[in-house]
Amino acid sequence: MLSRGQVEANYLEGTEGLKDAQKPDHASLATLIGHLREGRYVIPDFQREFEWEPWDIRDLIRSIFLDYYIGSLLLWKGKQENFEALACEPVYGHSEDDLSHAHHIVLDGQQRLTAMYYTFLAPDVPLPNRSNRYLYFIHVDRFMDQDYDAAFEYGWTRRAARILASPETQYSEHIFPLSVVGGTGWELPNWVQGYEAYWNERHDGAVRSGDAESALKAKRRSEDARAFGEHLKGITQQYQVAYIELDQDLDISKVCDIFTQVNSKGVRLDAFDLINAMLKPKGLQLKHMWREAAPRLDFVETDRMNVYLLQVMSIRCQTYCSPKYLYYLLPGQVKKVRESDGSLRQEVLVPDTTDFRDRWNSAVDAVESAIALLRHPQEFGAISSRYLPYVSIIPAFASLQCAVAELDPHRQLDAQKKVRHWYWSSVFTSRYSGSVESTAARDYTEVRKWFDDDEVEPAVISEFGARFRALDLRRETKRGTSVYNGVFNLFVLHGARDWMTGTVPQYGDLDDHHIVPKRWGRDHDLAAEVDTILNRTPLTADTNRRVISDRLPNEYLPELILKNGESTVRATLESHFISPAAFDILLRDPFTPEDLEDFLSERQRTIQDAIEGLLIKERLDLSPRLQELDADLEQVELAIRSSVAEAVQAGVAVLPPHVVGKLNDRIRAAAQRNAAIDQAYYARPEGMLEFADLRDLEDTIKNRDQWPVFAQTYGSKETLATRFSQLAELRNGIRHSRAVDEVTRKDGEAAILWFRKVLGSEGAAGREDQRGDLR
C-alpha cells in the first residue's frame, strides 16, 4: 500500500513535463509552526473550507506527539500573480489578512496545517460552525503513564481559558497548553523549567515536613517533568513533516490538474493496511482472512469493518483500540506497561500467528453475533443497515456481548439488561458520533465494572435519563442520524402492525413512510415539518401505495375504519405510537397546518413516554401486563416516598441514622459519576429521599421513634411489613428474572391496591385492612 506522498510522487513522475518541476523535502515541526506564524502558507479558493471537528484536531496532535506519520503536504511555491489568480487566503484564524509573507500555496494538507495553526498558535476565533474558541492541552501525568487516549484534551469553557492564564494551575494539575509550543522566544523551555521547579519545591517541602509519601510522589512528577521536556524538545526539533514542492513557474492549469488527480487517486492508508503489511513476513495474509470473513458481515454497509474486527481483538485483550494499540496485536510484539509504582514491565499479548488467527476468528464470530442481535426485530430493531444508529458502536457492543457470555449463567440476564441500557443511552445521546476509539475503551471498562457493582453505573446512563425529554424530534428529518434511526428501531421493537392486515409485516419490506403526505407539506410550505420522524412510521410499500396513496389521514383513515372497525384501526395505529388523541387529530377535516403541529406535539409526547417506559425504565422485554404492574409499582413507591418527605419537611419525623448513611453513600457515588449534581439539594432530607429504595422507606416508617407519626396511616407494623415484602418480591421478579409467578403477581397486586387505599384515605383504609386477608 502506497502512502499519499508516494501516490503524489508517482503521479508527478508520470505526468509529461513535470519530472523536473517537483522537489521532495521535509521540515521540522518547529520550522513548520514558524512558517505558519509568519503566514507563509495560503489556501487557494478552489480548496474546500476548513471543516475538521474538535476531535479531529486532537487526533492529529496525538499522532504528532506519538511520532506517527501524518502524510505529506503538496505545496506550490507561489508568486504574486498566482496568489491573485487563485484568490488565495491565509490559513483559517490567521491574524493577518494580507499575503505579504505568503510563500507557498497549499494544494494538499490544508486541514492538517490549519489544525496545527489552531492548536499551536491558539487564535482567538471559534472553530467553523462553532460558537466558541477551542483550546488544546496535554495531561502530562497521563501522557507519561502512556494513557495516550486520555492524555490529549480540548475545551472551550471558561475553565479552559483560566487554565491558559495560570501557569501555577497548569503545573499543579499537570496540564500543558499546546499553545506554548507556538510561543516565541523562550516560552517553551521556560514552561518546562517552571513545571519541574514547581514539583521540586513540593518535594523539598514534603521532605522538610517528613511526609515521605508526598515526597515520593513529587519526585516522580519532577522526573516526569524533565522527561516530558525532553520529549517536547525532540518532537519540536526532530519530528519531520514531508512535503513536495512544485516549481513556481508551472502553469496554473497544470497545477489545478495535479490537485484534481491527487485528490481523486490518493489512496487511504489505514491501520488494517499497516497490520496486513507487517503480518506478511510472518506468513499471515490478513487481506485473505478478511475476504473470507466479509460475506458473513455484509449486512452492515461500511468500509471499516476490517478495522472494527481488529478493534474487537484489541478491546478484548487490552481494553484500548486506537491505532497505537492495534500494533500490539502483531505476534510477538512487546508492549511496555507502567505499574502503579511507576515501574515498567513488558508483556506480549499475542504470542504467535496461531493465536492471532484464533483471536481474529473469535472477533469475526463476535461481530457476526452482534449484528444478528442488532438487526433482530425483537432485540434492537435495526432491520436494515440504513436504520442502524451507529456503525462505529459495533466494536464496543460486540466486545461487551463477549464479556456477558463469559459470566456465570445466573448473572447473564442482569448484565444483558445493562448492555441494553448502555446501548440505548449511547444512541439517544449521540455518544458515538465523534472520535470513538477512546469512547469504546472507556465504555467497555465502565459497563464491565457495572456488571459487578450496581452502584458504579456509567455516567452516560444518568445523562440519558436527564436529557431524553429535551430531545427535539422535530429536528430529526434525515434517516441515518442516531436519534432518527433509534426512534425507527423503537417502532419496530414495539411491534408496529400493518395498517391493511393488522399483522406484523415482514421486516425486509418496511420503510419509513409519511403519515401526512409529503405533497401536502410542500403545498403548505411545511416540507421540513412533514419530513420529521414524528410524521413517519414503518409501512410496506404496498400499504403506502394502496392505503395512503398521497392522501391526507382524514381521507384514508375513515376507509380503514369502515372496513375493519374503529377499535381495530385505533389499536393498530397505537402500535405505531399514535395515541388516541393523535388519532383524533388526524381525522380533523379540514386538516390545517395547526392540526399538523398538534399531531407532531402529541406524537413527540407519546414517543418520549415510550423512551422512558421501554428503555429508561427497561420495560421493553416485559409482557404488557408486567409493564402495567411495573408502572403501578413506580407510582406507589413515589406516593410512599412523598408521604415520608411530607412528614420530614413538616418537622414531625426524621430519617434514621443508618438510612441516612446508606443514602449518603449513594449520593456520593452519583456525584462521582456526574459532577453537575446539586449536592446542596441532596444534602437535605427531601433530596436524600430520592435515593431511597423500598426497604429504606420501610425502615424509616417502622423506626421506633418515627412510628407514632405514621401509625394512623398504616395501621400495624406487621401489616405494613407484609405489604412491603409483597411489593419487593414483585419488583425483584420484574427487574431481575423478567418473569413473575402467579402467587407473586397476585400478592403484589394486592399490596399495590392496599397502599393506594391507605395513602388515599389516610388511616381508615389501613385499619380496615388489618381485619382483612393478608394473602
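Structure first, text after, so check above.
Residues numbered from 1 in each chain as written. Predicted model: local features only at pLDDT ≥ 70, side-chain atom pairs only at ≥ 80, totals over all residues. Heavy atoms only, no water.

**Student:** Honestly, the overall build of the protein in this entry has me stumped. Any pointers?
**Tutor:** Counting secondary structure elements, the protein contains 38 helices and 13 strands. Looking at the 775 residues of the protein, the share that counts as buried comes to 51%. Here the protein has roughly 35,900 Å² of accessible surface; of this, 47% comes from carbon and sulfur atoms. (Helix = DSSP H or I, 4+ residues; strand = E, 2+ residues; numbered from the N terminus. Buried < 20%, exposed > 50% of the residue type's maximum accessible area, 1.4 Å probe, protein only. Areas by Shrake-Rupley, 256 points an atom, 1.4 Å probe, with all protein chains shown as cover.)

**Student:** Help me out: how do you make sense of the pairing of strand β3 (residues 73–77) in this one?
**Tutor:** Regular strands place side chains that alternate from one sheet face to the opposite one. Summarising burial for β3: four of the five residues are buried, a large majority. As defined by bridge partners, β3 adjoins strand β9 (residues 240–246) across four bridges and the pair is classed as parallel. Across the sheet, the residue bridging to L75 is E245, located in β9. With four bridges joining them, β3 and strand β5 (residues 104–108) adopt antiparallel strand pairing. Of the residues in β5, the one forming a bridge with L74 is D108. (Pairing = 2+ DSSP bridges.)

**Student:** Even after reading the chapter, I still don't get the packing of helix α10 (residues 187–209) against helix α11 (residues 212–238), so can you show me in this structure?
**Tutor:** Think of two packed helices as two axes; the pair is described by the angle between the axes and how far apart they sit. Close contact between α10 and α11 brings their axes to 7 Å; oriented N to C, the two are set at 170°. Relative to α11, the element α10 is oriented roughly antiparallel. Side by side, α10 and α11 meet where L188, V192, Y195, E196, W199, N200, R202, H203, A206 and V207 of the first sit next to S214, A215, A218, K219, R221, S222, A225, R226, G229, L232 and T236 of the second. Its residues placed into classes, the contact of α10 with α11 shows ten nonpolar, six polar and five charged. (Axes fitted to C-alpha atoms, helices over the stretch in contact; angles between N-to-C directions. Parallel < 35°, antiparallel > 145°, perpendicular 65-115°, else oblique. Contact = heavy atoms within 4.5 Å. Nonpolar A, V, L, I, M, F, W, Y, C, P; charged D, E, K, R; others polar.)

**Student:** What is the right way to look at the sheet that holds strand β8 (residues 175–177) in this model?
**Tutor:** Backbone hydrogen bonds are what pair the strands of a sheet, in a parallel or an antiparallel way. One open sheet accounts for three strands, arranged β7-β6-β8; its pairing is antiparallel. Whereas interior strands pair on both sides, the edge strands pair on one side only; in this sheet they are β7 (152–155) and β8. Sheet twist, expressed as the mean angle between neighbouring strand axes with direction ignored, is 35°. In this structure, strand β6 (residues 135–139) lies alongside β8, joined through three bridges in antiparallel fashion.

**Student:** What is the right way to read α11 from this model?
**Tutor:** Counting along an α-helix, one turn takes 3.6 residues, and residues three or four places apart therefore face a common direction. Along its 27 residues, α11 runs 38 Å from first to last C-alpha, staying within 8% of the 39 Å computed at 1.5 Å per residue. Within α11 the residues assigned to the buried category are A215, A218, R221, S222, D224, A225, F228, G229, L232, I235 and T236. (Expected span 1.5 Å × (residues − 1).)

**Student:** What's the story with the nonpolar core in this structure? I'm lost.
**Tutor:** If you look at soluble globular proteins, the nonpolar side chains tend to sit buried side by side. Core analysis: the biggest nonpolar cluster contains 113 residues, and L310, F356, W360 and W422 have the highest contact counts within it. Residue contributions to this core peak at nine residues, all from helix α17 (residues 353–375). Leaving out residues up to four positions away in the same chain, F356 has contacts with L279, L284, L286, M289, L310, M313, L329, P331 and V350. Of all hydrophobic cores here, the second largest spans 54 residues; its members include I33, F50, F176 and W199. (Core = buried A, V, L, I, M, F, W, Y, C linked by side-chain atoms within 4.5 Å.)

**Student:** Where do I start with the environment of W199 in this structure?
**Tutor:** Take W199: it is sitting in helix α10. Using a relative accessible area of 9% as the deciding quantity, one classes W199 as buried. What W199 contacts, discounting residues up to four positions off in sequence, is Y171, S172, H174, A218, R221 and S222.

**Student:** I tried to follow the packing of aromatic side chains on my own but got confused; where do I start?
**Tutor:** The final tally for this structure, using the stated rule, is 37 aromatic pairs. Considering the side-chain rings of W191 and Y195, the 5.1 Å spacing of their centres and the 35° angle between planes classify their relative orientation as tilted. One end of the pair is W191 and the other is Y195, both in helix α10 and four residues apart, which spans about a single turn. Y195 gets classed as buried once you look at its relative accessible area, which sits at 1%. Centroid distance Y714 to W754: 6.3 Å. Interplanar angle 35°. Geometry classified as tilted. Of this pair, Y714 sits in helix α35 (residues 707–714) while W754 sits in helix α37 (residues 742–760), placing them 40 residues apart in sequence. Taken as a pair, Y714 and W754 share a single burial class, namely buried. The rings of F65, F143, Y148, F152, Y171, F176, W191, Y195, Y198, W199 and F228 are connected pair by pair, giving a single aromatic cluster. The cationic tip of R202 hangs over the ring face of Y198; the distance from NZ or CZ to the ring centre is 3.8 Å. (Phe/Tyr/Trp six-rings, centres within 6.5 Å; stacked < 30°, edge-to-face > 60°. Lys NZ or Arg CZ within 6 Å of the ring centre and 35° of its normal.)

**Student:** Looking at this model, I keep getting lost on the pattern of salt bridges. Mind explaining?
**Tutor:** A side chain of one charge can pair with a side chain of the opposite charge when the charged atoms of the two come close. One pass over the structure, following the stated rule, counts 55 salt bridges. Put simply, D145 and R220 hold a salt bridge, and the shortest N to O gap is 2.5 Å. In this pair, D145 is assigned in the loop between α6 (140–144) and α7 (148–151) and R220 in helix α11, connecting sequence segments 75 residues apart. A salt bridge links R641 to E637, with the shortest nitrogen-to-oxygen separation between them at 3.1 Å. With R641 and E637 both in helix α30 (residues 624–649) and four residues apart, the pair spans about one turn of that helix. Of the two residues examined, R641 and E637, each falls in the buried class. If you follow the salt bridges from partner to partner, you end up with R469, E602, R605, D609 and E612 in one network. (Salt bridge = Lys/Arg side-chain N within 4 Å of Asp/Glu carboxyl O.)

Bear in mind that shape data such as this cannot, by itself, settle questions of function.
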